[in-house]
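Spelled out, the chains give:
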Amino acid sequence: MASRRDDSSSAAQVTRVFAEHADFVWRSLRRLGVAAADADDVLQEVFLVVHRRISEYEDRGLMRAWLFSISQQLSKHYHRSAKRMEERQRGVVTNAPGTDLEEAVARREADQVVNAFLDGLDESLRLAFYLSDVEGLTAPEISSALGVKLNTVYSRVRKARKLFDDLLASRAREELEAP
Amino acid sequence: MKSDRARRVLALYRSAATLGVDEKARLGDLVLARTLRGDFPRFDLPAAAVAPDSTFAFRAWGFALGKVGLALVALGVSGAFACAWQKSADVSSNPPSREPFRHGALHVERLEAELRALTQDDRAA
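**Student:** Just to check I follow, could you spell out the overall build of chain B for this structure?
**Tutor:** Scanning chain B from N- to C-terminus turns up 6 helices and 0 strands. The order of α-helices and β-strands along chain B, N terminus first, is α-α-α-α-α-α. When the accessible surface of chain B is summed, it comes to about 9300 Å², and 65% of that surface belongs to carbon and sulfur atoms.

Written as C-alpha cells, this is what we have:
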C-alpha cells in the first residue's frame, strides 16, 4: 500500500519535472548527438531514470544539472549501443510553430549559426557555452553537471563567448560588405 | 557578459528548438504511462553517477539571495583579513617603546636630586 503511494507520489513528481524541463532535456539530447528520430525515446528513458532515482535526489536547486548528467550518460549509452553516429552533432530540428515568415527565417538562421558555431567548438568549450548561454544554467550548476571546477567553467564560458561574438561580428561585416 | 547581438541570436535559437505543445503532451503521457506500468529500460545508472555534487555554497548560489549572502560573507572575510593585516602592520612599524617613560623618569630623578642639593645648600647656609 505504502509502496503504491510512493509510486504515485514519485509519478507526480516526475510529471512536474517533465513539464518544467522536457524542452531542456530534449535540446540537450539533440546537442549531445542523439538523432531526431531517437530523441523522443531517449527523452522517455531520461525521465524513467528520474522516476527510479528521484527518491535519492535531494532538492538542492541543481535539478537541471542532474537532468543533464542523466542525459549525458544516456546519450553515451545510445552512441555506444547503436553506433548511430551519422547524425551526431547535427543541428536541432525546429519544432516550434512559426508565427510569421520573417520570424521563421530569423529562427532558421539563428539555428544554423549557433549549430555551426557549437559544432566547430572544442567539446569542453561547447558544453560550457551551451549550458550557460543557451540553457541559462548557473556556473555552479554547470560545474556540477560537467564535474569541473567553478573557475574552469568561468574561463571556458568567457573564451567561448569571445569566439561567438567574433563570429557574429565577422558575419555582420560580411553582410555589410555584400552587394 | 553576453553582447546584445549574441543574446538575441541565442534567444532565437532557443525558441526554435522546443518540443511543441502537442508533442510535449504526448511524450508526457507516454512517460507517465510507462512509470505507472513499471516499464523501465534495462539500462540504468548507478546512483553516484546521477547524484549531483552539492555543498552549502552550491545550494546557496542557486538563489539570488544566496548569491548576495555569499558575496557578503566573502566581503566580511576579506574585510576582517584586511583589518587584521593593517593592525599587525601598525604594530610592527611602531613597536611600543619605553624610551619616553625612561627619559621622563630620569628627568624627574635629576630634578629631585637638584632640589635635594639646593635644600641641603640652603640648610647649610
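**Student:** Honestly, the packing of aromatic side chains in this entry has me stumped. Any pointers?
**Tutor:** Aromatic rings considered in pairs are described by the distance between their centres and by the relative angle of their planes. All names here are of chain A. What the rule picks out here adds up to 4 aromatic pairs over all chains. Each ring, one from Phe18 and one from Phe47, has its centre 4.9 Å from the other, and the planes form 65°; the classification is edge-to-face. On the criterion of sequence distance, the pair formed by Phe18 in helix H1 (residues 2-31) and Phe47 in helix H2 (residues 36-53) is long-range, its members being 29 residues apart. The burial state of Phe18 is the same as that of Phe47; both residues are buried. Here the aromatic residues Phe117, Phe129 and Phe164 are joined through ring pairs into a cluster of three or more.

**Student:** Would you explain the pattern of salt bridges in this entry?
**Tutor:** Oppositely charged side chains can form a pair if their charged atoms are brought close together. With the rule as written, the count across this model stands at 12 salt bridges over all chains. Glu135(A) is the partner of Arg27(A) in a salt bridge, and the nearest nitrogen-oxygen pair spans 2.6 Å. Note that Arg27(A) is positioned in helix H1 and Glu135(A) in the loop between helix H5 (123-134) and helix H6 (139-146), a separation of 108 residues in sequence. Accessibility classification places Arg27(A) together with Glu135(A) in one group, the buried group. Taking the shortest distance from any N to any O, the salt bridge between Arg26(B) and Glu23(B) comes out at 3.1 Å. Linking Arg26(B) with Glu23(B), this pair stays in helix H2 (residues 21-37), spanning 3 residues, or about one helical turn. We classify Glu23(B) as partly exposed; its relative accessible area is 23%.

**Student:** Explain a nonpolar patch on the surface to me, please; I cannot follow it from the model alone.
**Tutor:** Taken together, the side chains of Leu65(B), Val68(B), Leu72(B) and Leu75(B) define a hydrophobic patch exposed on the protein surface, amounting to about 450 Å² of accessible area. Within the secondary structure, Leu65(B) sits in helix H5 (residues 64-93).

**Student:** Mind showing me how you'd approach the side chain of His21(A) here?
**Tutor:** Residue and element names in this part refer to chain A. Looking at the element boundaries, His21 is found in helix H1. With relative accessibility at 13%, the residue His21 sits in the buried group. His21 has contacts with Phe47, Met63, Arg64 and Leu67, leaving out every residue within four places of it along the chain.

**Student:** Would you explain H5(A) in this entry?
**Tutor:** Along an α-helix, a turn takes 3.6 residues, which lines up residues three or four apart on a common side. Residue and element names in this part refer to chain A. The buried fraction of H5 amounts to 10 of the 12 residues, a majority that puts the element mostly inside the structure. Residues of H5 that are buried include every one of Leu125, Arg126, Leu127, Ala128, Phe129, Tyr130, Leu131, Ser132, Asp133 and Val134, and no others. Where H5 ends, the next residue or the one after it, Gly136, has phi of about 75°, a positive value.

Thresholds, definitions, all that
- Residues numbered from 1 in each chain as written.
- Chains lettered and ligands numbered in written order.
- Predicted model: local features only at pLDDT ≥ 70, side-chain atom pairs only at ≥ 80, totals over all residues.
- Heavy atoms only, no water.
- Helix = DSSP H or I, 4+ residues; strand = E, 2+ residues; numbered from the N terminus.
- Areas by Shrake-Rupley, 256 points an atom, 1.4 Å probe, with all protein chains shown as cover.
- Phe/Tyr/Trp six-rings, centres within 6.5 Å; stacked < 30°, edge-to-face > 60°.
- Buried < 20%, exposed > 50% of the residue type's maximum accessible area, 1.4 Å probe, protein only.
- Salt bridge = Lys/Arg side-chain N within 4 Å of Asp/Glu carboxyl O.
- Patch = residues over 30% accessible without salt bridge, like charges linked within 9 Å, V, L, I, M, F, W, Y side chains within 5 Å.
- Contact = heavy atoms within 4.5 Å.

Keep in mind that these numbers describe shape and distance, not what the molecule does.
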